[in-house]
Every structure is written in structure tokens, then in C-alpha cells.
Amino acid sequence: MKFLLVVLIISSILGCKDIGQKRVDTNLTPEENQTMCIERIFEKDSVLGEIRNHASEKVSLSQSIINYTKELESLDYSNCPEKFVSSFHEHIEAWKMVTKVTDDYPSLRGELHDIFSELEKSKDSTQFKSLVKQVWDTWNLVEENAM
């Protein structure tokens, strides 16, 4: 079953390999092109987030986060509104900061949310909860700046 899930995820990635790539339709207004850019970024983030959530079943959570943030950084944001791009990069940085705690737990394995539940009860729970709050706070800014 896990193999099938991995195959499905990889197929989705390959099928969506150009989601993050620049697409400009000269028949559209700049605002419409910005909307398309935002939609592509959200679509790619959704796919990458699903991969991140399950990658920690095989590799450390820190490595999952590193892989996720590198992929997000490699997307083409050139047609997105400046405020959206800025807030999305803040969100990426917030994710990177989570590794300050997760680096201390390299052997934890499982789905991301299950590991988060464990870390919320760890000796580093206060710091971890604060870092996760930053992830959510920056995501809220991303959503606000997508409108």
C-alpha cells in the first residue's frame, strides 16, 4: 500500500512538473497573470506539502523540511504580486526555523503531524510550539496577500 502511495505521489509530481514554471498569457491582463501565478504556487505547495508530510516516515523531519523548502524556493514567482512573494518567502523561512528543534530529533519517524504531536510534548515543546505558530502566522499572511 505504501509503495502504491509513493508511486501515486511521484506520478503526480511528474504530471505537474511545470506547475511552478512561468506561464504568461499575453491575452490576459497583468492581474490575471498574477492570479494564475498564485494559483500555480498554491497547487505546487499542496503537492509538495503532501510529500513533506509523508517523507518523514523514511527520513528525518528536518530533512523533509529542507527538501520541501528547497523545492518551494526553486519555484518561479516572477508573475506573482510582490507582497505575495515576500510573504511566501517569510513562510519558507519560518519552516526552516522549525529545524532548530527537529534537528535534535533525527530518529523520529512518522507522518509529519504525528511527529508534531510528539514534539509538542517534548522538553522543547515551548520553543517548538512558538516556531509552528510562526509557520501558521506566515501562512495567514500568504493567504491575505493572495487576494
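Computed from a prediction, not measured in an experiment: that's the story for all the values here.

### Looking at the packing of aromatic side chains
Per the stated rule, a full pass over the model turns up eight aromatic pairs. Centre to centre, the rings of Y77 and F88 are 5.8 Å apart; their planes meet at 50 degrees, and the pair counts as tilted. You can see Y77 sitting in the loop between α3 (61-73) and α4 (82-102) and its partner F88 sitting in helix α4, a full 11 residues away along the chain. Across this residue pair, the class does not change: Y77 and F88 are buried. In this structure an aromatic cluster arises from ring pairing among F42, Y77, F84, F88 and W139. Residue placement shows R52 over the ring face of Y68; its charged tip is 4.4 Å from the ring centre.

### Some words on the environment of V85
You can see V85 is positioned in helix α4. In sequence terms V85 and I41 are 44 residues apart; their C-alpha atoms lie 9.8 Å from each other. Ignoring anything within four residues of it in the chain, the contact list for V85 reads Y77 and C80.

### Points about the environment of I115
Mapped onto the secondary structure, I115 falls in helix α5 (residues 112-119). Since its relative accessible area comes to 1%, I115 is described here as buried. Along the primary structure I115 and L61 are separated by 54 residues, whereas in three dimensions their C-alpha atoms are 8.0 Å apart. Not counting residues up to four positions away in its chain, the partners in contact with I115 are S56, L61, L108, R109 and G110.

Reading guide: rules and limits
Residues numbered from 1 in each chain as written. Predicted model: local features only at pLDDT ≥ 70, side-chain atom pairs only at ≥ 80, totals over all residues. Heavy atoms only, no water. Phe/Tyr/Trp six-rings, centres within 6.5 Å; stacked < 30°, edge-to-face > 60°. Helix = DSSP H or I, 4+ residues; strand = E, 2+ residues; numbered from the N terminus. Buried < 20%, exposed > 50% of the residue type's maximum accessible area, 1.4 Å probe, protein only. Lys NZ or Arg CZ within 6 Å of the ring centre and 35° of its normal. Contact = heavy atoms within 4.5 Å.

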